[in-house]
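The chain contents come next:
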Amino acid sequence: MIFTIFIIIQFFPPKLNRADTTPPTDIILATNPSTVVEATLINTCYDCHSNSTRYPWYTGIEPLSYWFASHIKDGKKNLDFSIWEQYSAKKKIHKLEEITEAVNEGWMPLKSYKWLHREANLTPEQIKAITDWAALLQLKYQTTDLPQ
């Protein structure tokens, strides 16, 4: 019975989180980060926090794909780099503060993600690059959010 259910669910995978093109509202297009920051975002954040998820072969096996889809949905609900330019300056500042806290305290990327993606283990240099970039962007958004 369980084997039959396992076979049947293989025909009903969740919808993939993959866009054909990068939207103009994407954080990389909007902020033009350094190559270190860009590569770090793509390799450690974009799978769960953008429309550009890379799917390893094992995510095509049900029910694993549903588990991955759930992680992506939760990740994008909290922060979606693909719609960065749709956020208000106040929300961008808050998200940048959260990014800084997350990488400094080591709770992002998730441990479960780092187990499967060795390149997602951030080096001290990558953490510094991300936090410096986030601090500069916060200053930028603080000055653009000033009352006229």
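Residues numbered from 1 in each chain as written. Predicted model: local features only at pLDDT ≥ 70, side-chain atom pairs only at ≥ 80, totals over all residues. Heavy atoms only, no water.

Engineer: Account for unusual backbone geometry, naming residues and giving values.
Structural biologist: In this chain, Met108 is followed by Pro109 through a cis amide linkage whose omega measures -10 degrees. Within the fold, Pro109 resides in the loop between α6 (89–105) and α7 (111–116). Positive phi outside glycine occurs at Asn32, with the angle close to 45 degrees. Of the residues examined, Asn32 reaches a relative accessible area of 67% and is grouped as exposed. (Helix = DSSP H or I, 4+ residues; strand = E, 2+ residues; numbered from the N terminus. Buried < 20%, exposed > 50% of the residue type's maximum accessible area, 1.4 Å probe, protein only.)

Engineer: I'd like a rundown of the packing of aromatic side chains, residues and numbers included.
Structural biologist: The way to describe two aromatic rings as a pair is by their centre distance and the angle between their planes. Scanning the model with the defined rule gives five aromatic pairs in all. Through a chain of ring-to-ring contacts, three or more aromatic side chains come together here, namely Tyr46, Phe81, Trp84, Tyr87 and Tyr141. (Phe/Tyr/Trp six-rings, centres within 6.5 Å; stacked < 30°, edge-to-face > 60°.)

Engineer: Give a detailed account of the side chain of Thr40, specifying residues and quantitative values.
Structural biologist: Examined against the element boundaries, Thr40 turns out to sit in helix α3 (residues 35–44). Residue Thr40 is classed as buried on the basis of its relative accessible area, which comes to 3%. At 3.4 Å, the side chain of Thr40 and the side chain of Gln126 are in polar contact. Discounting chain neighbours no more than four positions away, the residues touching Thr40 are Cys45, Leu122, Gln126 and Ile130. (Polar contact = N/O pair within 3.5 Å; in protein donor to acceptor, adjacent residues only side chain to side chain. Contact = heavy atoms within 4.5 Å.)

Engineer: Before we move on, can you summarise the pattern of salt bridges with the specific residues and values?
Structural biologist: Within the structure shown, the criterion is met by five salt bridges. Close ionic contact of Arg54 with Asp47 constitutes a salt bridge, the shortest N to O distance being 3.2 Å. Two residues, Asp80 and Lys76, come together in a salt bridge whose shortest N-O distance is 4.0 Å. (Salt bridge = Lys/Arg side-chain N within 4 Å of Asp/Glu carboxyl O.)

By themselves, these figures tell us nothing about what the structure is for.
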